[in-house]
Amino acid sequence: MQSRWNEKQAKALGDDPLALRVYTSRLMGNDPFLVMHGGGNTSVKVTDTDFFGDPVDILYVKGSGWDLATIEPQGFAPVRLDVLKRLATFETLADSDMVRVQKSAMLDPSAPGPSVEAILHGILPFRFVDHTHADAVVALSNTPDGEARIRELYGDSVLIVPYIMPGFVLARYIYEMTRDLTADDWKRVDGMVLMSHGVFTFHDDGRKSYERMIEMVDAAEKRLQAGGAWSAPRIADDKAPSFDPATLAAIRKQVGELRGFPVHARLDDSAEARGFVDRSDAADIATRGPLTPDHVIRTKRVPVILDGSSPALDAYAESYQSYFDDHNDGTLSRLDPAPRWGLWKDGREAYGTLAFGRSIKETQIISDIVGHTRRAIQWAEHLGGWTALPARDIFEVEYWELEQLKLKKAGSVPALQGKVAWVTGAASGIGKAVTEMLLERGAAVVGLDLDPAIESLGDSNPAALGLVCDVTQSQALEDALARTVKRFGGLDILVSNAGIFPAGATIEDLDDEAWDRSMEINLTSHRRALKTTIPVLRHGFDPSVVIVGSKNVPAPGPGAAAYSAAKAGLTQLARVAALELGTDGIRVNVLHPNGVFDTALWTDEVLAARAEKYGVTVEQYKTNNVLGTEVSSKDVAKAVCALADRDFAATTGAQIPVDGGNDRVI
Ligand SMILES: [Zn+2]
């Protein structure tokens, strides 16, 4: 591990200690071997002036809900230092009192709540305090003779603290442990290792505090390298085996049912993930406990082991219930019994590790933590055995109100959160509008299109995935489905929209090729999309298929035989699908849009020519419907989202116009 300190960047900060605090916090936050997703915390002590202009000693400590990687000055909670120091002198302190007193001691009551480690930061007699759960140090401590290893590595320059639950009890323990240390004694202390938890470093100089952290972690990493542990994680060398998308979709469904809402599942089939799952002792070493207790609120204590059977999830839920019953003091209510990650294999085939999250962000966080945990477990195994904390200690943190608060962010959950949608023909027009609106409403969306531009769909949004796909090719659809399920775990919404509008021709003039092409794309490709996705949709959450038809079905026009006949066939296909899939709970409905002029098809020239043909203005032409309204691709997208959501939970086999009202149909 190397210092990321950049003299030029640091100089530009001037001499504002909070700016320096933000800077080195971010340096740590951006190294996942040090800090992951909201883990760790930092502080700086400054003398500020209060409202009355009087000087006051303040601890700026990381605020709850902030991530060191992206923290800003306003992410630090300003708490009066004397109050924190005084709290440490109490024999006991209830969490609720700690939170209340800390809050009332804040210079700015609108700042975020201070970290649960605020008191500990307050009593350490240095301006800068840095705390991480660095993989290498924690892994070394999570071995049978962990304390001896840590002592041997750092000598007497570090304080070693046995595992104590974070929060007041830990602060109090360290207060007692260090209260007799003189200033000279402290000068000889480089840092503090908290067994099975993490590392603290401190210094009056912000750079030195940061670099001590790097040095301590670097020493631990070098020790792992020297002992051969660093390269111990097993790497599978063969190609990832193909998996049955329906099996993974069924796993995801069951996890979501245990959790109480739709979840995503992400398969990590990297060589490292498969290597771990493929170990003969994988089920044993993976279920001893998390890397650091802080992870439990993200990952739960243990993963589920899936070896070709789904009853594993029932057994997981039962064993979670026993774990709860064993440790509940009678006052707690059980959290959901769903696993957050799993090892997935089937006989001799190791597929990889799975992460289950309510949102894309949660899934990513879990997936990252799992990657680091897998590695740390194997390091420790190489050193004689991975020893995690007893279940009781993990339970205490999992059910600690202050930890659970970290997960509770303000704001409501988007309507389609956790859902996964497919949109064919997603690069332009209606498909594009549908894709954007589904994403807005919280769904993960896989957009399929022939246009290579679709590949940029996921560039700035991890909830989106753009795949070039020829929907007339069954194999291409199957490949796209496998990629969808690997990334998101299943499929709940199919928006079958891909289509072409052939040039107008009377039946007499229509050539066979134009007819066949319209049938292939406007009809047969939809059948292929259904056939490919049904086995996975069957395991979807409230699965819904929306077929984009056309007003040409109920109201055909001359010169559009190839288009109208294909769309009429498509509508009939959807009706049969509704009949066949109803028992699986899959709803199938058809939208018949008309006059959607805000798509690439309708250039200004085409519009002008059409209007002229009918002897009206462009405006009149666009609003030529019963409501006299202009229909946009967004109107179609809204109708798709409504059909995909619970609003139409009791509707299947319906044909709904989105056309402003057509007097030929009404
Ligand atoms: Zn910690």
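Can you help me understand the coordination of the zinc ion in this one?
By definition of the ideal shapes, a tetrahedral metal site with four donors has angles of 109.5 degrees and an octahedral site with six donors has angles of 90 or 180 degrees. For the zinc ion, every protein donor is listed as His-131 (NE2), His-133 (NE2) and His-197 (NE2), and the spread of their distances is 2.1 to 2.2 Å. Mapped onto the sequence, the residues coordinating the zinc ion show the spacing H-x1-H-x63-H. Assessed through its relative accessible area of 0%, His-131 is described here as buried.

Where do I start with the sheet that holds strand β1 (residues 41–49) in this structure?
Pairing between the strands of a sheet comes from backbone hydrogen bonds, and it takes one of two forms, parallel or antiparallel. Here we have seven strands laid out as an open sheet, ordered β3-β2-β1-β4-β7-β6-β5, and mixed in their pairing. Sheet topology places β3 (76–80) and β5 (158–161) at the edges, where each strand pairs with a single neighbour. The sheet shows a mean angle of 20° between the axes of neighbouring strands, taken without regard to direction. The pairing of strand β4 (residues 128–132) with strand β7 (residues 198–203) spans five bridges and is antiparallel. Pairing of His-131 across the sheet is with Phe-200, part of β7.

Would you take a moment to explain the sheet that holds strand β8 (residues 264–268) for this structure?
Taken in spatial order, the four strands line up as β8-β11-β10-β9 in an open sheet, and their pairing is mixed. The sheet is open, and its two borders are formed by β8 and β9 (304–307), each paired with just one other strand. For this sheet, the mean angle separating the axes of adjacent strands, direction not counted, is 25°. With five bridges connecting them, β8 and strand β11 (residues 349–357) associate as antiparallel partners. Residue pairing for β11: Asp-268 is matched across the bridge by Thr-353.

In this structure, what is going on with a negative patch on the surface? I would like to understand it.
There is a patch of like negative charges on the surface, built from Asp-511, Asp-512, Glu-513 and Asp-516. Residue classification places Asp-511 among the partly exposed positions, given a relative accessible area of 45%.

Where do I start with the nonpolar core in this structure?
In this structure, Ile-251, Trp-344, Trp-422, Leu-438 and Val-588 are the most contacted members of the largest nonpolar core, which totals 83 residues. No other element matches helix α25 (residues 633–644), which puts seven residues into this core. Looking at this core, you find at least three residues from each of domain 2 (245–401) and domain 3 (420–596 + 636–657). Excluding residues that lie within four positions of it along the chain, Ile-251 makes contacts with Leu-306, Leu-313, Trp-344, Leu-354 and Phe-356.

Looking at this model, I keep getting lost on α25. Mind explaining?
Owing to its 3.6 residues per turn, the α-helix brings residues three or four apart onto one side. In a regular helix each residue adds 1.5 Å, so twelve residues correspond to 16 Å; α25 covers 16 Å between its end C-alpha atoms and thus fits that length. Of all twelve residues that make up α25, nine are buried, and the element is covered over most of its length. All buried positions along α25 are accounted for by Ser-633, Val-636, Ala-637, Ala-639, Val-640, Cys-641, Ala-642, Leu-643 and Ala-644. Elements that come into contact with the buried residues of α25 comprise α19 (429–440), β15 (493–496), β16 (544–548), β17 (587–593) and β18 (655–658).

Please clarify how the environment of Leu-68 should be interpreted in this entry.
Looking at the secondary structure, you find Leu-68 in the loop between β2 (55–62) and β3. Once the C-alpha coordinates of Leu-68 and Gly-585 are considered, the two residues, 517 residues apart in sequence, prove to be 44 Å apart. Dropping the residues within four chain positions of it, Leu-68 is found in contact with Ser-25, Arg-26, Gly-29, Val-35, Gly-39, Gly-40, Asn-41, Thr-42 and Lys-62.

I would appreciate a short explanation of helix α2 (residues 17–29) in the present structure.
Here α2 spans 18 Å end to end across 13 residues, near enough to the 18 Å set by a 1.5 Å rise per residue. Counting buried positions over the 13 residues of α2 gives twelve, a clear majority of the element. All buried positions along α2 are accounted for by Pro-17, Leu-18, Ala-19, Leu-20, Arg-21, Val-22, Tyr-23, Thr-24, Ser-25, Leu-27, Met-28 and Gly-29. Where α2 is buried, its residues meet α1 (7–11), β1, β2, β3, β4 and α10 (206–226).

Calculation rules
Each chain carries its own residue numbering, running from 1 in the written order of its sequence. Only residues with pLDDT of at least 70 are given local features in this predicted model, and only at 80 or more are side-chain atom pairs given and counted; all residues enter the totals for whole chains, interfaces and linings. Note that the side-chain values use all heavy atoms of the structure and ignore hydrogens as well as water. Metal-coordinating donors are taken as N, O and S atoms lying within 2.8 Å of the metal, or within 3.2 Å when the metal is Na, K or Ca; because water is left out, some sites can appear incomplete. Relative accessibility thresholds used throughout: buried, under 20% of the residue-type maximum; exposed, over 50%; partly exposed, between the two (1.4 Å probe, protein chains only). A pair of strands counts as paired when DSSP detects no fewer than two bridges linking them. Numbered from the N terminus, helices here are DSSP runs of H or I no shorter than four residues, and strands are runs of E no shorter than two. Axis lines are fitted through C-alpha atoms, for helices just across the contact stretch, and the angle between N-to-C directions can take any value from 0 to 180 degrees. In this analysis, a patch consists of residues with relative accessible area above 30% that form no salt bridge, clustered at 9 Å for like charges and at 5 Å for the nonpolar side chains Val, Leu, Ile, Met, Phe, Trp and Tyr. Each accessible area value is a Shrake-Rupley result obtained with a 1.4 Å probe; residue values ignore everything except the protein chains displayed when judging cover. Whenever Lys or Arg places a side-chain nitrogen within 4 Å of a carboxyl oxygen from Asp or Glu, that contact is recorded as a salt bridge. By the counting scheme adopted, Arg and Lys are positive, Glu and Asp are negative, and His together with the chain ends is not counted. Just so you know, the charge point we use is NZ for Lys, CZ for Arg, CG for Asp and CD for Glu. Grouping buried Ala, Val, Leu, Ile, Met, Phe, Trp, Tyr and Cys residues that are joined through side-chain atoms within 4.5 Å yields what is termed a nonpolar core. Where each domain starts and ends comes from a domain assignment, either automatic or drawn from a database. Any two residues whose heavy atoms approach within 4.5 Å at even a single point are treated as in contact. Helix span, expected: 1.5 Å multiplied by one less than the number of residues in the helix.

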